[in-house]
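Each chain is listed here by its residues.
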Amino acid sequence: MLCSDINDSTWISTFSKVVLAPDFILSGITLSGGNGNNILEPRETLSVVVSLHNQGAAAADSVNAVLCCGAVEIFILDSIGTFGHISSDSIQDNSQDPFVIAADSSVPTGTVVDFEMVVYSNYCNDTIRFALVIGQKNYYLWNPDPLPSSGENIHAILSSTGYIGDYGTNLPSDLNIYQTLLVCLGVYSSRHLIIQGSAEAVTITDYLNNGGRVY
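Residues numbered from 1 in each chain as written. Predicted model: local features only at pLDDT ≥ 70, side-chain atom pairs only at ≥ 80, totals over all residues. Heavy atoms only, no water.

Engineer: Break down the overall build of the protein chain for me, citing the residues and quoting the values.
Structural biologist: Looking only at helices and strands, the protein chain features two helices and 17 strands. Since a compact globule built from 215 residues should have a radius of gyration of about 17 Å, the 24 Å found for the protein chain marks it as more spread out than a globular shape. In terms of its C-alpha atoms, the protein chain occupies a principal-axis envelope of roughly 85 × 50 × 35 Å. By the burial criterion, 33% of the 215 residues in the protein chain qualify as buried. Here the analysis covers contacts within the protein chain between residues at least 6 apart in sequence; of these, 67% occur between residues at least 24 apart. Summed over its atoms, the accessible surface of the protein chain is roughly 12,400 Å², and 51% of this surface lies on carbon and sulfur atoms. Between the centroid of the 6 positive side chains of the protein chain and the centroid of its 21 negative side chains there is a distance of 9 Å. (Helix = DSSP H or I, 4+ residues; strand = E, 2+ residues; numbered from the N terminus. Rg over C-alpha atoms; globule rule 2.2 N^0.38 Å. Buried < 20%, exposed > 50% of the residue type's maximum accessible area, 1.4 Å probe, protein only. Contact = heavy atoms within 4.5 Å. Areas by Shrake-Rupley, 256 points an atom, 1.4 Å probe, with all protein chains shown as cover. Lys, Arg positive; Asp, Glu negative; His and termini not counted. Charge placed at Lys NZ, Arg CZ, Asp CG, Glu CD.)

Following this line, the structure appears as structure tokens:
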């Protein structure tokens, strides 16, 4: 504040005030319907439940969202989702009012489709972006091998022959979007070890128990 008095003296005074606001991030996505495998496949219609985490310091009231997608193979049959009140540092979903989407029969398996969800509340607006895979990709090649040429060659050959998959040196947290997990660990003494009870071991075991295939 620029202040002055009747004697023409001037001075500046300052003050500060903390402003609190909601801040939304994506916490999770749950698909249901279709053939029951929780995967969006060609010719299927599914409900989509999105979980939002309010990591801001203020609560949000009357939270609603509109789902959009630019892919012509995807039809959004119900684009409105209702979340209601989301307290600070809490998670809420639209399970009482899910989105409904459908995939055309012509969309290739393994196609990655981008979605945009515009979130509205009485205090703020936000945009959340996420992607879904149509069907399952053929494989994920996990290559923590210190000498990575074997995994790189396998991935190159599979890609050149028309298989759809991903390659990485880190094990993804969600393997359910892949039909098969290929693992290249190396050989003694240049190798990567999967320790019993580790996060890597648990992830692979859960994937196998869910019907996944591992080489």
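Engineer: So what's going on with the sheet that holds strand β12 (residues 137–142)? Which residues, and what values?
Structural biologist: Read across the sheet, four strands follow the order β13-β12-β14-β17 without closing on themselves; strand pairing throughout is parallel. If you trace the sheet from one side to the other, it starts and ends with β13 (165–168) and β17 (213–214), each paired once. Sheet topology note: the β12/strand β14 (residues 178–183) ladder contains five bridges and is parallel. Pairing of Trp142 across the sheet is with Val183, part of β14. (Pairing = 2+ DSSP bridges.)

Engineer: A description of the packing of aromatic side chains should follow, citing residues and the corresponding values.
Structural biologist: As enumerated under the stated definition, the model contains two aromatic pairs in all. Pairing Phe115 with Phe130 gives two aromatic rings, centres 5.5 Å apart and planes at 15 degrees, and the pair type is stacked. You can see Phe115 sitting in strand β10 (residues 112–120) and its partner Phe130 sitting in strand β11 (residues 125–133), a full 15 residues away along the chain. The pair Phe115 / Phe130 is uniform in exposure class, with both members buried. (Phe/Tyr/Trp six-rings, centres within 6.5 Å; stacked < 30°, edge-to-face > 60°.)

Engineer: Go over the sheet that holds β10, please, and point to the residues and values.
Structural biologist: Reading across the sheet, the four strands line up as β7-β5-β10-β11 and stay open at both edges, with antiparallel pairing between neighbours. The open sheet terminates on both sides in strands that have one partner only, identified here as β7 (80–86) and β11. Strand-to-strand twist in this sheet, taken as the mean axis angle between neighbours without regard to direction, amounts to 25 degrees. Where β10 and β11 come together, nine bridges link them in antiparallel fashion. Paired with Val112 across the strands is Val133, a residue of β11. (Axes fitted to C-alpha atoms, helices over the stretch in contact; angles between N-to-C directions.)

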